[in-house]
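Topology and contacts: notes
Spelled out, the chains give:
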Amino acid sequence: MIAGIARDLDRAICAEFPERAEASRGHDDVAPAFTDEATEGLERPGAVVAARHSGYLQFVGYAQLVEIAESSDAIIRLAHRPGHFVVAHRPLATVWPPEAAGRVAAALDKGHVTGPHRTLTQDPVFAIDQLVEIAIRALSPAVNDTFTALTCIDWLSAGLSEISSRILEEGVYRGRSGKVRLIEFDPSYARMVNRAFDKVRQAGRAMPAVIIRMIDALEHVAENTTNGQQRQVLLRQAEMILRAAEEEVQEPLDLADIRARYDRLVETSGALDANEGPRSAGDRPRPS
């Protein structure tokens, strides 16, 4: 079952996040064009369009929304990504100029499909959450199945390694005119890493085998990163793992192994940073 979820995660990553060598499906890498064209308009008040239905967002019709924005000469900024829980009467999107909101509102309702549960369609984080759920249940005192948790950590590291090589910048979609028409909620790299490790770290903070596997997993992911910002996210997570270990792990030799794994991760990250240029000011030594 774990391997099946991992395969689902891999397929979802390939479907949702383009490789850096490929043309994106309408995405721009932090697009300077977005800043030039849209920032001035977005500084003015827009009209908030509220959701009509509550539920998990299962699908967004991006092409449909771009088309209606183009025909209305409008810009739509979405408030949610697939996988988020949408509450009726709460903001679903913001539209510029405000007078276009009435026409766009119906398309926003039709272009957002909600349901009683999450799906993998447009939502790779759902597979990450599934692996994490299995891991923390395995680490519960009632189950106490460390090996299942370790297997989940291994597959999480594989998924995050793949994600690290993909384009995750904010989605900016253009209409036929070439103008920015739709801005998607940011699929943050930090959010994905934290979703993969936070709960497992909290559940396994006193378990050396789990701690060591998490730090090793972060090192494997670091080897596949494409920039220093990604590695800083991984190091932040590793620092929290180490602090928890220093508070909870009583055996000195276990703690020595954990610190050695952390130091190796820092060394790996530093070597990768050196290949890109000087270390950034945000780089931090191992916490004491």
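Residues numbered from 1 in each chain as written. Predicted model: local features only at pLDDT ≥ 70, side-chain atom pairs only at ≥ 80, totals over all residues. Heavy atoms only, no water.

Some details on the overall build of the protein
Using the following cut-off: Labels follow the DSSP assignment, with helices taken as runs of H or I lasting at least four residues and strands as runs of E lasting at least two, numbered in each case from the N terminus. Summary of the burial criterion: residues with accessible area below 20% of their type's maximum are buried, those above 50% are exposed, and those between are partly exposed, where the area comes from a 1.4 Å probe applied to protein chains only. Note on contacts: a residue pair is in contact if any heavy atoms of the two residues lie within 4.5 Å. Here the accessible surface of atoms and residues is derived via Shrake-Rupley with a 1.4 Å probe, and residues count as covered only by protein chains that are part of the display.
Assigned secondary structure in the protein consists of ten helices and eight strands. Burial analysis of the protein (288 residues in total) assigns 49% to the buried set. Considering only intrachain contacts with a sequence separation of at least 6, the fraction spanning at least 24 residues in the protein is 77%. Entry remark: accessible area of the protein is about 13600 Å², with carbon and sulfur atoms responsible for 53%.

Describing the environment of arginine 201
Test applied: Any N or O atom pair separated by 3.5 Å or less is treated as a polar contact, with the protein-specific requirement of one donor-capable and one acceptor-capable atom, and with residues adjacent in sequence counted only for side-chain atom pairs.
Here arginine 201 shows up in helix H7 (residues 189–203). Separated by 13 residues in the primary sequence, arginine 201 and methionine 214 have C-alpha atoms spaced 7.9 Å apart. In contact with arginine 201, not counting residues within four places along its chain, are Met214, Gln237, Met240 and Ile241. In this structure the side chain of arginine 201 is engaged in a polar contact, spanning 2.8 Å, whose partner is the side chain of aspartate 198. Polar contacts involving the side chain of arginine 201 include one to the side chain of glutamine 237, which spans 2.7 Å.

Re the sheet that holds strand E4 (residues 85–86)
Hydrogen bonds along the backbone pair up the strands of a sheet, which may run parallel or antiparallel. Rules: Criterion used throughout: strands pair if DSSP finds at least two bridges between them. The axes used here are C-alpha line fits, helices contributing only the stretch in contact, and every angle between their N-to-C directions lies in the interval 0 to 180 degrees.
Pairing is antiparallel across the open sheet formed by three strands, whose spatial order is E4-E2-E6. Each having just a single partner strand, E4 and strand E6 (112–115) make up the two edges of the open sheet. Lying over the sheet, helix H4 (residues 101–111) contacts strand E2 (55–60) and E6, oriented at roughly 45° with respect to E6.

Notes on the packing of helix H1 (residues 2–16) against helix H6 (residues 146–164)
To keep things clear, this is the line we draw: For classification purposes, an angle smaller than 35 degrees is called roughly parallel, one larger than 145 roughly antiparallel, one from 65 to 115 roughly perpendicular, and anything else oblique. Amino acid classes used here: Ala, Val, Leu, Ile, Met, Phe, Trp, Tyr, Cys and Pro are nonpolar; Asp, Glu, Lys and Arg are charged; the rest, including Gly, are polar.
Relative to each other, H1 and H6 sit at 10°, their axes nearing to 10 Å. Classified by the interaxial angle, the pair formed by H1 and H6 is roughly parallel. Within the contact between the two elements, H1 uses Ile2, Ala3, Ala6, Leu9, Asp10 and Ile13 and H6 uses Thr148, Thr151, Cys152, Trp155, Gly159, Glu162 and Ile163. Tallied by class, the residues present in the contact of H1 with H6 amount to eight nonpolar, three polar and two charged.

Topic: the nonpolar core
The condition is simple: Nine residue types can take part in a nonpolar core, namely buried Ala, Val, Leu, Ile, Met, Phe, Trp, Tyr and Cys, and a core is a set of them joined through side-chain atoms within 4.5 Å.
Counting 49 residues, the largest nonpolar core has Ile128, Leu160, Ile163, Tyr189, Phe197, Val200 and Ile258 as its most contacted members. At the level of secondary structure, the elements contributing two or more residues to this core comprise H1, helix H5 (125–139), H6, H7, helix H8 (208–222), helix H9 (228–248) and helix H10 (252–276). Those residues in contact with isoleucine 163 that sit more than four places away from it in its chain are Ile13, Ile128, Leu168, Tyr189 and Met192. Counting 25 residues, the second largest nonpolar core, distinct from the first, contains Ile68, Ala107, Leu108 and Leu182.

Some thoughts on the pattern of salt bridges
For clarity, the cut-off: Each salt bridge in this description consists of a side-chain nitrogen of Lys or Arg and a carboxyl oxygen of Asp or Glu lying within 4 Å of one another.
Within the structure shown, the criterion is met by 22 salt bridges. With its nearest N and O atoms 2.8 Å apart, the salt bridge here joins glutamate 67 to arginine 176. A residue pair is termed long-range when its members are at least 10 positions apart, and glutamate 67 in helix H3 (residues 62–71) and arginine 176 in the loop between strand E7 (172–174) and strand E8 (180–183) qualify at 109 residues. On the basis of relative accessibility, which here comes to 66%, the residue arginine 176 falls in the exposed class. Salt-bridge contacts for aspartate 198 lead to arginine 201; the nearest nitrogen and oxygen are separated by 2.8 Å. Placement of both aspartate 198 and arginine 201 in helix H7 is noted, with a separation of three residues, approximately one turn of the helix. Overall, aspartate 198 belongs to the partly exposed group, its relative accessible area being 22%. One continuous salt-bridge network, built from bridges that share partners, spans Arg118, Asp123, Asp129 and Arg195.

A word on the sheet that holds strand E1 (residues 47–50)
Pairing within the open sheet is mixed, and its five strands lie in the order E1-E5-E3-E8-E7. The open sheet is flanked by E1 and E7, the only strands paired with a single partner. Strand-to-strand, the axes of this sheet are offset by a mean angle of 25°, without reference to chain direction. Most of the contacts of H3 go to E8, to which it runs at about 140°, and overall it touches strand E3 (75–78), E7 and E8. The strands touched by H4 are E1, E3 and strand E5 (91–96); relative to E5, the strand with the most contacts, the crossing angle is about 140°.

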